[in-house]
Amino acid sequence: MSTSSRCAACRHLRRRCPSDCIFAPYFPANDPHRFACVHKIYGSSKVGNMLQDLPVELRAEAADAICIEAQCRVQDPVYGCVRMISLLQQQIHNAESQLVKARAEIAVLSSHAQELRHHVQDI
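Residues numbered from 1 in each chain as written. Predicted model: local features only at pLDDT ≥ 70, side-chain atom pairs only at ≥ 80, totals over all residues. Heavy atoms only, no water.

Caption draft 1: Local environment of the packing of helix 3 (residues 44-53) against helix 4 (residues 56-75). Remark: helix 3 packs on helix 4, axes separated minimally by 9 Å, with the N-to-C direction vectors making an angle of 150°. Compared by their axis directions, helix 3 and helix 4 come out roughly antiparallel. For the pair helix 3 and helix 4, the sense of crossing is right-handed. Touching V47, M50, L51 and Q52 of helix 3 are R59, A62, A63 and I66, all from helix 4. (Axes fitted to C-alpha atoms, helices over the stretch in contact; angles between N-to-C directions. Helix = DSSP H or I, 4+ residues; strand = E, 2+ residues; numbered from the N terminus. Parallel < 35°, antiparallel > 145°, perpendicular 65-115°, else oblique. Left-handed = near helix turned anticlockwise from the far one by under 90°. Contact = heavy atoms within 4.5 Å.)

Caption draft 2: Structural view of the packing of aromatic side chains. Under the definition given, this model contains 3 aromatic pairs. Aromatic pair F27 and F35: ring centres 5.3 Å apart, planes at 75°, arrangement edge-to-face. Grouping aromatic residues by their ring pairs yields a cluster made of F23, F27 and F35. (Phe/Tyr/Trp six-rings, centres within 6.5 Å; stacked < 30°, edge-to-face > 60°.)

Caption draft 3: A nonpolar patch on the surface, seen in detail. A cluster of nonpolar residues, V78, Y79 and V82, forms a patch on the protein surface that exposes about 300 Å² of accessible area. Relative to the helices and strands, Y79 is located in the loop between helix 4 and helix 5 (81-122). (Patch = residues over 30% accessible without salt bridge, like charges linked within 9 Å, V, L, I, M, F, W, Y side chains within 5 Å. Areas by Shrake-Rupley, 256 points an atom, 1.4 Å probe, with all protein chains shown as cover. Salt bridge = Lys/Arg side-chain N within 4 Å of Asp/Glu carboxyl O.)

Caption draft 4: The nonpolar core, seen in detail. Residues C7, C21, F23, F27, V38, V47 and L51 are the most contacted members of the largest nonpolar core, which totals 21 residues. Secondary-structure elements contributing two or more residues to this core are helix 1 (8-12), helix 2 (32-42), helix 3 and helix 4. Beyond its immediate chain neighbours, meaning those up to four positions away, V47 contacts F23, F27, V38, Y42 and I66. (Core = buried A, V, L, I, M, F, W, Y, C linked by side-chain atoms within 4.5 Å. Buried < 20%, exposed > 50% of the residue type's maximum accessible area, 1.4 Å probe, protein only.)

Caption draft 5: Spotlight on unusual backbone geometry. Even without being a glycine, R14 presents a positive backbone phi close to 55°. With respect to the helices and strands, the residue R14 is situated in the loop between helix 1 and helix 2. Since its relative accessible area comes to 74%, R14 is described here as exposed.

Caption draft 6: Inspection of the pattern of salt bridges at higher detail. If you walk through the whole model with that rule in mind, you get 2 salt bridges. Measuring nitrogen to oxygen at the nearest pair gives 2.7 Å for the salt bridge that ties D64 to R34. Here D64, found in helix 4, pairs with R34, found in helix 2; they are 30 residues apart in sequence, far enough to count as distant. Residue R34 is classed as buried on the basis of its relative accessible area of 14%.

Caption draft 7: Spotlight on the environment of E69. Topologically, E69 is positioned in helix 4. When the C-alpha positions of E69 and G80 are compared, they lie 6.9 Å apart, and in sequence the two are 11 residues distant. When neighbours within four sequence positions are excluded, E69 is seen to be in contact with Y42 and C81.

Caption draft 8: Molecular detail of the packing of helix 2 against helix 3. Running from amino to carboxyl end, helix 2 crosses helix 3 at an angle of 100°, the nearest separation of the two axes being 7 Å. One element, helix 2, and the other, helix 3, form an angle in the roughly perpendicular class. In contact with F35, V38, H39 and Y42 of helix 2, helix 3 contributes S44, K46 and V47. In terms of residue class, the contact of helix 2 with helix 3 is made up of 4 nonpolar, 2 polar and 1 charged. (Nonpolar A, V, L, I, M, F, W, Y, C, P; charged D, E, K, R; others polar.)

The structure is reproduced here in structure tokens:
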């Protein structure tokens, strides 16, 4: 990459962006906040090493995961993404409880409907 089209990582680090920059495919220049969060939480060398240690086909997914985790940690320094996971688990638990309750109500109503049918037939 030329100096005029540096990736967000190289811009943030104020360095020239080499043609084989490990960050360029995952931290484009038009989204500087993405790398800023990652750099603040993990540091550029650690992220660069993590990406280099992975096969190329897994790097984009890893960069996305690192970015999401870093953004969560910036927003909530204590719990990070664990808070979101806990909230989602609670929502799943609540939905499952509502489903059990709804199924029970359906069973009761079906039973009452069956009793009414038998009662009407007897008349």
